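Examining the three-dimensional arrangement
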Amino acid sequence: MCLAIPGQVISISDDSDPLARKGQVNFSGIRKEVSLAYVPEAKINDYVIVHAGFALSVLDEEEALASLQAFDGLSAVENQL
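Remember, predicted model here, so these are calculated numbers, not experimental data. (Residues numbered from 1 in each chain as written. Predicted model: local features only at pLDDT ≥ 70, side-chain atom pairs only at ≥ 80, totals over all residues. Heavy atoms only, no water.)

What follows covers the environment of Pro6. With respect to the helices, strands and loops of the structure, Pro6 is situated in strand S1 (residues 5-12). The sequence separation of Pro6 and Val25 amounts to 19 residues, and the corresponding C-alpha distance is 9.1 Å. If sequence neighbours within four positions are ignored, Pro6 has contacts with Phe27, Val48, Ile49, Leu59, Ala64, Ser67, Leu68 and Phe71. (Helix = DSSP H or I, 4+ residues; strand = E, 2+ residues; numbered from the N terminus. Contact = heavy atoms within 4.5 Å.)

Relative to strand S5 (residues 54-59), strand S4 (residues 47-51) is paired through five bridges, and the arrangement is antiparallel. Looking at the pairing, His51 lines up with Phe54 of S5. Hairpin connection from S4 to S5: two residues lie between these consecutive antiparallel strands, with Ala52 at a positive phi of about 55 degrees. (Pairing = 2+ DSSP bridges.)

It is worth spelling out a nonpolar patch on the surface at this point. A cluster of nonpolar residues, Tyr38, Phe54 and Leu56, forms a patch on the protein surface that exposes about 310 Å² of accessible area. Mapped onto the elements, Leu56 comes out in strand S5. Accessibility expressed as a relative area gives 43% for Leu56, which makes it partly exposed. (Patch = residues over 30% accessible without salt bridge, like charges linked within 9 Å, V, L, I, M, F, W, Y side chains within 5 Å. Areas by Shrake-Rupley, 256 points an atom, 1.4 Å probe, with all protein chains shown as cover. Salt bridge = Lys/Arg side-chain N within 4 Å of Asp/Glu carboxyl O. Buried < 20%, exposed > 50% of the residue type's maximum accessible area, 1.4 Å probe, protein only.)

The phi angle at Ser28 is positive, at roughly 50 degrees, despite the residue not being glycine. Positionally, Ser28 belongs in the loop between strand S2 (22-27) and strand S3 (30-35). Phi is positive for Asn45, close to 80 degrees, though the residue is something other than glycine. With respect to the helices and strands, the residue Asn45 is situated in the loop between S3 and S4.

Moving on, we come to the side chain of Asp46. With respect to the secondary-structure elements, Asp46 resides in the loop between S3 and S4. Residue classification places Asp46 among the buried positions, given a relative accessible area of 16%. Setting aside residues no more than four positions away along its own chain, Asp46 makes contact with Gly7, Gln8, Val9, Glu41 and Val58.

Quick look at the structure:
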């Protein structure tokens, strides 16, 4: 099973090669560098879906926050087991 996680873009590299474009993405306090090659339209403060180090699509904020709430709910249930 593959799982893509939403995160917020907090910075973008100034690389002129679109295939080498990278950004720092915040996943609920954890920051990771990810490739933005597949989402050239991504801007700082956008939410992106990330899988295996690649941002795959841009989400609107409402959809991203709903997904993050769902993950938090699953985590709370798991911790009760």
